[in-house]
Amino acid sequence: MSKPVVLLAEQLSPATVDALGPDFDVRSVDGTDRPALFEALADASAVLIRSATKMDEEAISHAPNLKVIARAGVGLDNVDIKAATTAGVMVVNAPTSNIISAAELTCGHIISLARHIPAANASLSDGAWKRSSFTGTELFEKTLGVIGLGRIGALVAARMQAFGMRVVAFDPYVTPARAQQLGAELVSLDELVAQADFLTIHMPKTPETTGMIGEAQLKAMKKTAYVVNVARGGLIDEQALAAALEAGEIAGAGIDVFTQEPPADDSLTRQHRAVVTPHLGASTAEAQEKAGVSVAKSVKLALEGDLVPDAVNVAGGAIDPFVRPGIALVEKLGQVFSGISHGPLTSLEIDVRGELAEYDVSVYKLAALKGILGSVVSEKVSYVNAPILAEQRGIETRLNVEKDSPEFRNLTTLTGTLSDGTVLSVAGTLAGTRMVQKLVGINGYELDAPLAEHHLVILYKDRPGVVAVYAEQFGENGINIDGLQVARATGEEALSVVTVDKRVPDDLLARIAGAIDARIIRQIEIVEA
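On a predicted model such as this, the values are computed, not experimentally measured, just so you know.

A. Main features of the overall build of the protein. Secondary structure summary: the protein contains 17 helices and 22 strands in total. Taking all 529 residues of the protein together, 49% fall into the buried category. Contacts in the protein between residues at least 24 apart in sequence constitute 61% of all its contacts with a sequence separation of at least 6. Carbon and sulfur atoms make up 51% of the accessible area of the protein, which amounts to about 25200 Å² in all. Taking the 46 positively charged and 66 negatively charged side chains of the protein as two groups, their mean positions are separated by 3 Å.

Here it is, written out as structure tokens:
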């Protein structure tokens, strides 16, 4: 059989090609040459691009076999996501590839502004020696205002704290506890603007964030303050910024991104108080290589029919970053469900409660089915074929979403009915700022067990000494107990979830079951999603 064609429409690193591996027919084309691109797309299953190639509706229409468009970078301005989704084409990018590069460039702008490095360099290059003209300011004990305390904002905060800077932050989606972990104090936007000696913005560009630093905010800043934007053009109102710099209302600005690139006018690029760079946030060899390797891995997953973590359009909709950590949790809950069940599944309900209710969590249905079916069907189960396999087996599936969640910030419960009428349930949550995957319920028994590779689920008559019996058996057979949960529900039975460091031999399980008169003993091995 012929190999799927992967088209490289722009120059990518050798590591990108290596990451694709030998299973694809890798071809190259100049993506800016539209006729050549259209011709090459005719056979392509995937196309990898950077920023120069436009994958618009016209280009997509020339690619009848296309399954995935991969942008080796963060921005997707050159991809028509709506047209791709309509055509059934997955779009992926590399959202974390440039975070270190962008953070370091931000820090570079801050230092350049504080010490007037670009202007001093230009002056000396012209033959002048004007030390007194470039008196700077120390960063020590100055206040850094970070708008957007996400991955890049957090990296900037950490790096600038090494200079002895105080950090205040505005981010409506970050808890005070998380901010405290990062050494930042959460304040309102107005408070941040008034306090900051250096203001840096790290927000996505949306209708709500466009122009969020405008004339009013700039006038409220200290005259000695500086602003930096290495995130997205337009987050700072460019006309208002140019006017504030011209009037001396703030001391300076460091700008890497513009509303139109190249800029439509020179109001900022000619401003002597501004340090400007031509969108260099991701322009490091390391970031370019990370981006290429990341999307190459995504292409492999997509062409193998698996869910791609960095896909921006799956099943016709985007997967929100807040939803993504739960995908692996739900798939593992499906594996636990499969491990405790004893017969064919006829119906499945996925209940999602808590803060996740405000997001599109439809992908959790795919994750649950993939986890449940992975160990019970002979075919390779993927996020693409899981619904088909479930339909073939007559499994009715329903997703319920409810905001009310009294005990957990987020709670996902899988409840299934087996062919003999038995109803089983497993529940899990993502706990704490580290989003630890926890098993919190089995069939009404309340638990608090971090999900690991090897678990035993044991149901037995509740009485003293049972744990000692199986613990001794494990010890004699060189099996370590990494965790233990014992839960009691109404009635006379108790349920133990034992986390061990290796698979338990079947004969040992049988001896333990006999020794404690266990009604149920199941070994569950979690395969990392």
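B. Molecular detail of the sheet that holds strand β13 (residues 345-354). Pairing in this open sheet of 6 strands is mixed, and the strands run β14-β13-β15-β16-β17-β18 from one edge to the other. In the strand order of this sheet, the two ends are held by β14 (396-402) and β18 (445-450), each with one partner. Across the sheet, the axes of successive neighbouring strands diverge by a mean angle of 20°, strand direction being ignored. Helix α13 (residues 324-340) rests against β13, β15 (410-418), β16 (423-431) and β17 (436-442) of the sheet, and its axis sits at about 150° to β16. Those strands touched by helix α14 (residues 363-373) are β13, β14 and β15, and its axis lies near 135° from that of β13.

C. Just the packing of aromatic side chains, in detail. Enumeration over the complete set of coordinates arrives at 3 aromatic pairs. Relative to Phe474, the ring of Tyr470 lies with its centre 6.0 Å away and its plane at 55°, an arrangement referred to as tilted. Of this pair, Tyr470 and Phe474 both sit in helix α16 (residues 466-476), 4 residues apart, which is roughly one turn of that helix. Neither Tyr470 nor Phe474 differs from the other in exposure class; each is buried.

D. Here's a closer look at the packing of helix α5 (residues 99-115) against helix α7 (residues 151-161). It is the contact of α5 with α7, at a shortest axis distance of 9 Å, that shows an interaxial angle of 45°. Of the possible angle classes, the one that applies to α5 and α7 is oblique. Taken as a pair, α5 and α7 cross one another with a handedness that is right-handed. Contacts from Ile99, Ile100, Ala102, Ala103, Glu104, Thr106, Cys107 and Ile110 in α5 reach Arg151, Ile152, Leu155, Val156, Arg159 and Met160 in α7. Classifying every residue of the contact of α5 with α7 by side-chain character gives 10 nonpolar, 1 polar and 3 charged.

E. Region of interest: a nonpolar patch on the surface. Taken together, Ile481, Leu484 and Val486 make up a surface patch of nonpolar side chains, about 200 Å² in accessible area. With respect to the helices and strands, Leu484 occurs in strand β20 (residues 481-488). Classification of Leu484 as partly exposed rests on a relative accessible area of 37%.

F. View of the sheet that holds strand β22 (residues 520-525). If you trace the 4 strands from one edge of the open sheet to the other, you get β20-β21-β19-β22, paired in antiparallel fashion. Each edge of the open sheet is held by one strand with a lone partner, namely β20 and β22. Neighbour to neighbour, the strand axes of the sheet diverge by 15° on average, direction disregarded. Of the strand pairs in this sheet, strand β19 (residues 454-461) and strand β21 (residues 493-500) are connected by 7 bridges, and their pairing is antiparallel. Bridging across to β21, Lys461 finds its partner in Glu493. The strands touched by helix α17 (residues 506-516) are β19 and β22; relative to β22, the strand with the most contacts, the crossing angle is about 150°.

G. Focus on unusual backbone geometry. Omega for the bond connecting Glu261 with Pro262 falls within 30 degrees of zero, at -5°, which places this linkage in the cis form. Within the secondary structure layout, Pro262 lies in the loop between β11 (252-255) and β12 (274-276). Of note in this structure, His116 is not a glycine but carries a positive phi near 55°. Examined against the element boundaries, His116 turns out to sit in the loop between α5 and α6 (117-125). Looking at His116, the relative accessible area reads 25%, which means it is partly exposed. Although it is not a glycine, Asn443 adopts a positive phi angle of roughly 50°. Looking at where Asn443 falls in the secondary structure, it is placed in the loop between β17 and β18.

H. Representation of the environment of Ile60 in the model. Tracing the chain through its elements places Ile60 in helix α3 (residues 57-61). You can call Ile60 buried: its relative accessible area is 6%. Separated by 410 residues in the primary sequence, Ile60 and Tyr470 place their C-alpha atoms 61 Å from one another. Setting aside anything within four residues of it in sequence, one finds Ile60 in contact with Met55, Ile69, Asp80, Ala83, Ala84 and Ala87.

I. Summary view of the side chain of Gln437. Within the element layout of this structure, Gln437 appears in strand β17. Among residues more than four places away in sequence, those in contact with Gln437 are Pro325, Ala328, Leu329, Lys332, Thr429, Leu430, Ala449, Pro450 and Leu451.

Reading guide: rules and limits
- Along each chain, the written sequence defines residue order, and numbers are assigned to residues from 1.
- With the structure being a predicted model, the display of local features is reserved for residues of pLDDT at least 70 and the display and counting of side-chain atom pairs for 80 or more, all residues being used for whole-chain, interface and lining totals.
- For side-chain calculations, the full set of non-hydrogen atoms in the structure is used, while hydrogens and water are omitted.
- Only runs of H or I of at least four residues qualify as helices and only runs of E of at least two qualify as strands under DSSP, and these elements are numbered from the N terminus.
- Exposure classes here rest on a 1.4 Å probe applied to the protein chains alone. A residue is buried below 20% of its type maximum, exposed above 50%, and partly exposed in between.
- Every residue pair with non-hydrogen atoms within 4.5 Å of one another is taken to be in contact.
- For the area figures, the Shrake-Rupley method with a 1.4 Å probe applies, and any residue is considered shielded solely by the protein chains shown.
- His residues and chain termini do not enter the charge count, which takes Lys and Arg as positive and Asp and Glu as negative.
- One atom stands in for each charge, and that atom is NZ of Lys, CZ of Arg, CG of Asp or CD of Glu.
- Two strands are counted as paired when DSSP detects at least two bridges linking them.
- Angles run from 0 to 180 degrees between N-to-C directions of axes, and those axes are lines fitted to C-alpha atoms, restricted for helices to the stretch in contact.
- Planes of paired rings set the category: under 30 degrees apart is stacked, over 60 is edge-to-face and the rest tilted, where pairs are Phe, Tyr or Trp rings (Trp by its six-membered ring) whose centres lie within 6.5 Å.
- By definition in this entry, angles of less than 35 degrees are roughly parallel, angles greater than 145 are roughly antiparallel, angles of 65 to 115 are roughly perpendicular, and the rest are oblique.
- Helix crossings get a hand from a simple test, with the near helix turned counterclockwise from the far one by less than a right angle marking a left-handed crossing and a clockwise turn marking a right-handed one.
- Residue polarity is assigned by list, with Asp, Glu, Lys and Arg as charged and Ala, Val, Leu, Ile, Met, Phe, Trp, Tyr, Cys and Pro as nonpolar; anything else, Gly included, falls into the polar class.
- Here the term patch refers to residues with relative accessible area over 30% and no salt bridge, with like charges joined within 9 Å and nonpolar side chains (Val, Leu, Ile, Met, Phe, Trp, Tyr) within 5 Å.
- One side-chain nitrogen of Lys or Arg within 4 Å of one carboxyl oxygen of Asp or Glu is enough to make a salt bridge.

All quantities given are derived from atomic positions and should not be read as evidence of function.
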